[in-house]
Structures are given as structure tokens and as C-alpha cells.
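# Structural features, examined
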Amino acid sequence: MSQTAAGIIFIASLILAIALVHKPLGDYMARVYTGLRHNRVERLVYRLVGVRPDAEQRWGVYARSLLAFSLISILVVYGLQRLQDKLFLSLGFAPVPDHVAWNTAISFVTNTNWQAYSGESTMGHLVQMAGLAVQNFVSAAVGMAVAVALIRGFARRGSETVGNFWVDLVRGSLRILLPIAFVGALVLVAGGLVQNFTGPHEITTLTGGVQNLTGGPVAGQEAIKELGTNGGGFYNTNSSHPFENATTWTNWFEIFLILVIPFALPRAFGRMVGQLRQGYAIVAVMATLAVLSVVLLNVFELAGNATVPQAIGAAMEGKEVRFGASNSATFAAATTLTSTGAVNSFHDSFTPLGGMMTLLNMMLGEVAPGGVGAGLYGMLILAVITVFVAGLMVGRTPEYLGKRIGAREMKLASLYFLVTPVLVLTGTAVAMANEAGLAAMLNNGPHGFSEILYAFTSASNNNGSAFGGVTVNTPWYDVALGLCMVLGRFLPIIFVLALAGSLAAQKPVPASAGTLPTHRPQFVGLVVGVTIIVVALTFLPALALGPLAEGIH
Amino acid sequence: MKRLPRWVRTHLAAVRAVAVLTLITGVLYPLVVMGVAQVLFPRQANGSLVEKNGRTVGSALVGQLFTGPDGKPIPGYFQSRPSADAYDMLSTTASNLGPEDVVDTLPAPGKTGTKSLLTQVCARSRSAGELEGVSGARPYCTSEGVGAVLKVFPNRVVSVNQPCPTTPFIPKYQGMVVECARPGEDYAAGRTVPVRGDIRNPAVPPDAVTASGSSLDPDISVEYARLQAPRIARERGLPLDRVHALIQDHTTGRTFGFIGEPAVQVLPLNLALDQAR
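Definitions and cut-offs
Residues numbered from 1 in each chain as written. Chains lettered and ligands numbered in written order. Predicted model: local features only at pLDDT ≥ 70, side-chain atom pairs only at ≥ 80, totals over all residues. Heavy atoms only, no water. Helix = DSSP H or I, 4+ residues; strand = E, 2+ residues; numbered from the N terminus. Rg over C-alpha atoms; globule rule 2.2 N^0.38 Å. Contact = heavy atoms within 4.5 Å. Areas by Shrake-Rupley, 256 points an atom, 1.4 Å probe, with all protein chains shown as cover. Lys, Arg positive; Asp, Glu negative; His and termini not counted. Charge placed at Lys NZ, Arg CZ, Asp CG, Glu CD. Buried < 20%, exposed > 50% of the residue type's maximum accessible area, 1.4 Å probe, protein only. Expected span 1.5 Å × (residues − 1). Disulfide = S-S within 2.5 Å. Pairing = 2+ DSSP bridges. Salt bridge = Lys/Arg side-chain N within 4 Å of Asp/Glu carboxyl O. Buried area = accessible area lost by both parts, 1.4 Å probe. Nonpolar A, V, L, I, M, F, W, Y, C, P; charged D, E, K, R; others polar. Domains from an automatic or database assignment. UniProt positions renumbered as here; feature names shortened; annotations may be inferred. Polar contact = N/O pair within 3.5 Å; in protein donor to acceptor, adjacent residues only side chain to side chain. Core = buried A, V, L, I, M, F, W, Y, C linked by side-chain atoms within 4.5 Å. Phe/Tyr/Trp six-rings, centres within 6.5 Å; stacked < 30°, edge-to-face > 60°.

Another point: the overall build of chain B. When helices and strands are counted, chain B shows six helices and ten strands. What you see for chain B is a C-alpha radius of gyration of 26 Å, clearly larger than the 19 Å of a compact globule of 277 residues, by over 25%. In terms of principal-axis extent, the alpha carbons of chain B reach across some 90 × 65 × 40 Å. Intrachain contacts of chain B at a sequence separation of at least 6 include 52% that bridge at least 24 residues. Summed over all atoms, the accessible surface of chain B reaches about 12700 Å², with 58% contributed by carbon and sulfur. Separation of charge centres in chain B, based on 29 positive and 23 negative side chains, amounts to 9 Å.

Moving on, we get to the overall build of chain A. Across its full length, chain A holds 20 helices and four strands. Compactness check: chain A gives a C-alpha radius of gyration of 23 Å against a globular reference of 24 Å for 553 residues, within 12% of the reference. With the principal axes as the frame, chain A shows a C-alpha extent of 80 × 60 × 50 Å. Counting only residues that meet the buried cut, chain A has 67% of its 553 residues in that class. Sequence separation of 24 or more characterises 78% of the internal contacts of chain A that already satisfy a separation of 6 or more. Of the roughly 17100 Å² that chain A leaves accessible, carbon and sulfur atoms contribute 67%. Where the 30 positive side-chain charges of chain A centre and where its 25 negative ones centre are 20 Å apart.

Turning our eyes to something else, we now look at helix H18 (residues 475-505) of chain A. Here H18 of chain A is 31 residues long and its end C-alpha atoms lie 45 Å apart, about the 45 Å a rise of 1.5 Å per residue gives. With 22 of 31 residues buried, H18 of chain A lies mostly within the body of the structure.

What follows is about the environment of Met362 of chain A. All names here are of chain A. Mapped onto the elements, Met362 comes out in helix H13 (residues 352-363). Along the primary structure Met362 and Ser460 are separated by 98 residues, whereas in three dimensions their C-alpha atoms are 9.4 Å apart. The residues contacting Met362, other than those within four sequence positions of it, are Thr336, Tyr454, Thr457, Ser458, Asn461, Asn463 and Ser465.

Below, the discussion takes up the state of the cysteines. All names here are of chain B. In total, this model carries two disulfides over all chains according to the counting rule given. Here Cys122 engages in a disulfide with Cys141; their sulfurs sit 2.0 Å apart. Measuring handedness by torsion sign, the sulfur bridge of Cys122 and Cys141 sits at about -80° and is left-handed. Of this pair, Cys122 sits in helix H3 (residues 117-132) while Cys141 sits in the loop between H3 and strand E3 (149-152), placing them 19 residues apart in sequence. Each member of the pair Cys122 and Cys141 is classed as buried. The disulfide that involves Cys164 links it to Cys180, with 2.0 Å between the sulfurs. Of note, the bridge from Cys164 to Cys180 carries an S-S torsion of about 95° and is right-handed in sense. Of the two residues, Cys164 is situated in the loop between strand E4 (157-163) and strand E5 (172-173) and Cys180 in strand E6 (residues 176-181); the sequence distance between them amounts to 16 residues. We classify Cys180 as buried; its relative accessible area is 17%. Shown here for chain B is a disulfide pattern of 1-2, 3-4, where each number marks a bonded cysteine counted in sequence order.

Moving on, we get to the sheet that holds E3 of chain B. Read across the open sheet, the five strands follow the order E5-E6-E4-E3-E7 (chain B); overall the sheet is mixed. Only two strands of the sheet have a single neighbouring strand rather than two, namely E5 and strand E7 (191-194) of chain B.

Residue and element names in this part refer to chain B. Under the defined criterion, the tally for this structure stands at 25 salt bridges over all chains. The residue Lys52 makes a salt bridge to Asp274 at a minimum N-O spacing of 3.1 Å. You can see Lys52 sitting in strand E1 (residues 49-52) and its partner Asp274 sitting in helix H6 (residues 266-276), a full 222 residues away along the chain. Look at Lys52 and you get partly exposed, because its relative accessible area is 25%. A salt bridge links Arg156 to Glu185; the shortest N-O distance between them is 3.1 Å. Of the two residues, Arg156 is situated in the loop between E3 and E4 and Glu185 in the loop between E6 and E7; the sequence distance between them amounts to 29 residues. Classification of Arg156 as partly exposed rests on a relative accessible area of 21%.

Bringing the interface of chain B and chain A into the picture now. A common way to state how big an interface is: give the accessible area lost once the parts meet. Each side of the interface is counted separately: chain B has 98 residues, and chain A has 101 residues. Here chain B and chain A share an interface that buries about 7900 Å² over both sides, 67% of which is from carbon and sulfur atoms. Here chain B and chain A share two salt bridges between them. One salt bridge in this structure joins Glu317 of chain A and Arg124 of chain B, with 3.8 Å as the shortest N-O distance. Secondary-structure elements contributing two or more residues to the side of chain B that touches chain A are helix H1 (6-40), helix H2 (42-45), E1, strand E2 (55-59), H3, strand E8 (219-220) and H6 of chain B. Ranked by residue count, the leading element in the side of chain B that touches chain A is H1 of chain B, at 24 residues. A breakdown of the residues in the side of chain B that touches chain A according to their chemical character gives 51 nonpolar, 31 polar and 16 charged.

Once the domains are mapped, chain B shows domain 1 (6-45), domain 2 (47-94 + 211-277) and domain 3 (96-207). Taking the mean C-alpha position of each, domain 1 of chain B and domain 3 of chain B sit 54 Å from one another.

For the rest of this paragraph, the subject is the UniProt feature "transmembrane region" (unreviewed entry) in chain B. Mapped onto the present numbering, the UniProt feature "transmembrane region" (unreviewed entry) falls on residues 12-41 of chain B. Annotated as residues 12-41 of chain B, this span is 97% helix and 0% strand, and its ends, taken at the C-alpha atoms, are 41 Å apart.

This part takes up the domain arrangement of chain A. Residue and element names in this part refer to chain A. Each domain of chain A was delimited in the assignment, giving domain 1 (9-203 + 211-293) and domain 2 (362-552). Taking the mean C-alpha position of each, domain 1 and domain 2 sit 21 Å from one another. Listed as interface residues are 61 residues of domain 1 and, on the opposing side, 62 residues of domain 2. Here domain 1 and domain 2 share an interface that buries about 5000 Å² over both sides, 78% of which is from carbon and sulfur atoms. The interface formed by domain 1 and domain 2 holds zero salt bridges in total. Between domain 1 and domain 2 we count 13 residue pairs in polar contact (both at pLDDT 80 or more) in total. Every element with two or more residues in the side of domain 1 that touches domain 2 is listed here: helix H3 (59-82), helix H4 (98-109), helix H6 (125-155), helix H9 (248-272) and helix H10 (276-303).

Quick look at the nonpolar core now. Ranked by size, the top nonpolar core spans 197 residues in total, and within it Phe69, Ile261 and Tyr400 of chain A carry the most contacts. Looking at this core, the element that brings in the most residues is H6 of chain A, giving 17 residues.

Below, the discussion takes up the packing of aromatic side chains. Centre distance and the angle of the planes are the two values used to describe a pair of aromatic rings. Residues and elements named next belong to chain A. For the coordinates displayed, the defined rule picks out 16 aromatic pairs over all chains. Ring geometry for Phe165 against Trp166: centres 5.2 Å apart, planes inclined by 70°, an arrangement best described as edge-to-face. This pair shows no difference in class: Phe165 is buried, exactly as Trp166 is. Seen from their ring centres, Trp476 and Tyr477 are 4.9 Å apart, and the 80° between their planes marks the pair as edge-to-face.

This part takes up the side chain of Asp219 of chain B. The residue Asp219 of chain B is located in strand E8 in this model. As a buried residue without a salt bridge, Asp219 of chain B has its nearest oppositely charged side chain in Arg322 of chain A, at a separation of 4.2 Å. Beyond its immediate stretch of four places on either side in the chain, Asp219 of chain B contacts Val321 and Arg322 of chain A together with Arg81, Ala263, Val264, Gln265 and Val266 of chain B.

Below, the structure written as C-alpha cells:
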């Protein structure tokens, strides 16, 4: 079979697997977030934390709880890194430098998992397990909590509250992420990922050379890294490293883990608002964009249209033999469409247009299907913008799921949508205009510009992958990208929660003949169109200076 | 507790929440995974180590170098792919060089040069060809193994990767005489024109001229293994068919026929070679 044919079946099998799983998983997640009972472990957790699980929160209280939790998380992850030489399992590594520790703490708490450090030579096992992996769980649970709060905004009638942050956080972590990650980790160990406590130890190779074998609790971290769309690798080379992605089929399984929750959440949304077809419309928008992107990325990488890939005969620089160009392209699409940022091949060495697709995927705003939770709330904001645009065309007050999209709602949706483009374009412009920014480029010409653009796009959209040639462990970049990550995560969250609050307070208006149906193919097409047009208008000029200049002769 | 302001109480709850969730997801979870993994899959969980005569010589999943102390390939062993950091697990990295990285910085007095990705590919192709006794020629490469790239100015043309006094790979371009490159001179303003040449189907396969993403790729392609087979057979005095059979034995095909690409595991293959003697 040719690589192209195998690559197509590979994609089809992933689609099939996700289609099979999304219903039971989506329904399960809806039950998790709507259930009234707390199990024994959870009651103990609430008692230890000192919160009343049955107390409903207004959106402001919900947001403040979330921000407090995230702030404390940042401090703890920062502290663990700075003090690692004083604690156990440090492998003898020195404290992480302050700017790198700050950047990394923000990176993991914001679900970005941008890596300004090299895992195998910087982070001891304790920091990896008790700092970074914990955030892999809870930052994902925070994303899902915000999505669920927004769903409640649509589902509730005249309610002042949007749920309880602590309950959503604990349930998401313990009932959804933990069991799937546990099973996933064991599957990955079976495939060859390591799970031990050994540090680097020297062995003599077959020909008498020296190699330092590294170990660590990798499999457990790998499972949640993909499942929680986090992406921060245990090792520097992330999911291309044989101990993070050992075989051809662990590669398939990791892509599956990346996509499974984001594609199941629309089902949970449909279930919770009581109209499954609304969930199908949302998932149809996500799937349309995702399939389009994954196919294009495969086409560009298999064609290998650029000087060096032509000289090589295939776009194989930065790729593993066992994955090949096609499965690497599919992984790259999945990781950039979902704000994961794990990589099994190096995007910097992709063909110009293949690399552009990874950038474009992030520029879509991480909505197709996006990160866990973040993808769904991003897509719902786009749906709100779409009903507004459609309402303008026919001169009606727009509604979505019976809730009026008035001036306040539109302001919040617009503010949400403006945050990342402002951060990406301002950040890139500032970096291009000063020495510290320009010094980071490895490649020159348009490709060097793409490296900087990619860095700010990735940080602001909380993706975490990179055009890896860029040197960003400098104080300037650690601060600049840290600010992008923290603002790119929490400003949108505040706007979404505010929107959830004002929607929940509304009583739904009954649908009439003039109501725009939001479950039909027409609406799906409209949302796809709005997404692509808004992104294209925002980012095309920047893309023209980078990958388009490089790739079109 | 009631007397504390609400924002203080919220943050205290956050501190306790982080502590409790750290205990569950950061301590219990990895330990339970480790316990179960060590019982069910001890070989994999500890790195899929392989031994020779009772001594651990590496991991079946991690590539290594099969070179001598001088850094030259040991001809009796299958060679791994090029690596961006010589298979060092303490500093894994990819080259991260872009698809249009074709212009070298030539070494000049007081300045070390850097090789473009294209020149690295050309040089690897040339040396692999020499080792296996086949042509190392590739598109966009000169015969001495650097990128065939011109910088075109309105009134002159320079072959930028060929330092003087090298003879440029083509004498003329669009009627202008092609010059060799003078190290230290700045050609950035010129238009970059890579020249494809007329090479079709190079003998050295793609994985032999590229560095992997992990810098630890344990595999080579079946084509690259078969290219090396005659050398191995000659060096070890084995029949070529026997070497081909060993390659076949150590080839992992696509899982279920469609996942991944066929690959040959180099370390286990080389261990099998040692036993075949």
C-alpha cells in the first residue's frame, strides 16, 4: 500500500473511533456535570478544601474562585521549580532560573505547556509529577469547567448562578480525566513508554560508546498530556522521543487521546441544553474545519514542495521513520487544531505551506475542535457572532438557543474574539522591532519571521508547540510570551463567564417563524464561513510575510 | 473562619484545593500507574532494554551510533540515521532548519561557518554513497556535496556554497559567468536560485540524509537497510540472502497494515548480526 493510501485509512480510522466514542463519552460528561450526588472521595475533598459543594455561585464568584485557584497554582509550580534542589527526586538538577520557572509555571497553568526548557536536563521527577503533571489535569479541568458554565448559561432560565467552580473542577479532574488517563497510561506502557524513577544512567553501547539512558514517570504524564490537550513533553523532543511515543500505534493512540474529549464535548453541550441537534451542528462545524485542515496538511507534506524536501526526495527532516510524512502531518494537524502543542515531528522543518497550516490551525482560535473546554466555549462564541451577523442581514434581534444576543452579549463576544489577535500581532510586531526579539531566530528570511509569528500565535492561543529553532529561554521572551499566555487564557475566560452570567439570567424567548434555526447545514456553513473569514482578514497580511512568501514562487 | 474577608477565604480554599489535587493527581496517580505498569509490563516500563552477553547495551527503542572512536562508521554494522545531537539522550533536539535553508555561511577569518540544511543533506548523501559504493548524487547538490545554489545579481552570479578556488558547478547562468564565493562577502541582497540539475531517483534514500525529530530514531527505512546489506555481507562474510533475511526479521511493518511506515530496528538487527557470526 502506498503511504498516501495508508495515511487516508489512518485518518479515517481516527474519525471512526472518535465517532464511536463521542456519544457515550459526551453523555457521560453531561451526567458528571449535572449530577446532584457527590461520591465519598469528593465529599472528603470538599471537606478538606473547605467549600460547600451545593452552594451555587454567581459568575463573578465563579470567576474569582477560578482565578484564585490558578494564581495559587502558578505560585506552587514556580516554587517547586525554584526549590527543586532542596526537595527529593531532583536528579541533582539545579533550581530552574527565575524567568524560565515563571514562564513554565504560567505555561502549564494556562494549559499552554510551552517549553522554554529542555525536560531531560532541567526538571527533576518531582517537578514533573507534582508540578507539571498536576497542572496537566487541573488546567484541563478548568477549561472544561468554563465550557460547562457557559452551557449552563444557555440551559438555565432566569438563574442568577452558573454552577460551583470547585465542584466542576473536582469532578472534571477525578471523574473524567483521571480514569481515562489511567487506562491510557497503561496502554502506552504496553506500547513501550517508560514508567520508572530512574535518573540518567550511563551504559556502554554495542560499539563501546557511551549513552546516558533516561527514565522517569513518563507514561502517566504522556497520557494526561494528550488527553488534557496540554502538550508539554517529559523530554525536549516531546512525542517524537521513543520513550514518549514508542511505536506506530502509540502514535495513533496519542492522536486519539488528543481529539477524544474536544469532539465529545459538543455532545455533552447538546445533552445539557436539551437539544442534541444543537450539539451536532457545533461538532459538524469543528469536523468540517478539522478534516479540511488535516487533508491539506497531508497534501502539502506528501508533495514536499520546497527546495530541501525536493533534494531529499521526501519531507523527512525532523520526522521519524516509523511515523513517516503522512502520520506526522496528521499528528501536527491534531496538535495545532486542539491547543495541545505536543509534536511528533518538527514543524520548523515542514514544507512552507505545511508549516503555514499548523500556524493557521492555531489562528482559527483553537476551535476546531480546540482544547478541552476552551475549544467548545470558543466555538460557542463564534456561533453567537454568527447569529449576530445573520441577524444583521435580515434586521432581527439575534437569538441563540432562545437567548437574546443583545448589546452586552455582543460586546463580551467581540472582546473575547479580539484578545488573541491583539496579543499575537502586537507581540510579533514588538519582537520584530527590537534586538532581543530578533536575536531568537534560527532561520533567516521569511522563515525566521515565521518562527517569531509562530511563537506569539502559539503562546496567545495557549497551544504550546513551536517552530523549535527559535531561542526563547531568554528573559525577554520568557516575560513576553508569559504575558501572552496569561492574558490569552484568562481574559477570554472572564468574558465567557460574564457572558454565561448574563445568558443564565435571561428567560428564553419562544422560537418563532423568524428565528434563525441553528441546527441546520445552512447554519453550520455560516459558522464555518464566519470563522475562516474573520481569521483570514486578521492574519493574512502576517502570513503573507512569512510562509506564503517562502512557499509561493 | 467567618471573620476572614471573602477574598482571603477564596484563596485559602485554593491553596487547599491545589494541595489535595496534587496529592491525588501528582502523587497517587503516578505511583499507582507505576505499580501496575511494573507488574504488568516490567520490560517496557523500564525502557525495553536489550543485553549482549548479560550486559545492557541500550534500549531497543532508542537509536545509537555504530561508529568507532574516530567517529567513522564501523563497516560491519548497519548505520543509524544522521542525528542532530549524535544520539545523546541528555540533550535531544531536532535541527529545526527550514525547507528553504539553502545558503551556507562560509568560514572566514575570525568566523566559523554554518552549513545550510541543503548542504548537510548533500554532504550526507555523498558520504553514504561513498560508504556503500553507490552514487551519492542528489537534486540540488553539487558533485562535491554542497547545495547547488546561486545568488543572482543584475550583473553577476555567485555560487554561494562553493568557496574560491572551487570551480562552480555550472560555468554560466543566463549568459553570465558564475563566480565562486569569497568567504566573508555579503551576498544577502542577491536573488537565491537553487539549481536542480538532472539527477533522478538518487540511490541514497531520504532517511539516510535527514536527521529525525527526536535525534534518537531507532529505525531506518527498508530501502536504507537494503542499501547497506552488500557492505555488511562483505564485511562479515555472510551470504547476502542471509543479511536480507535478517533485515526482514527486524522489519516492523505497518500496524494493522495501515498505521505508520515500515521500519527496520537497527540495534536489534545489529545484535542479531553479531549472533549470526
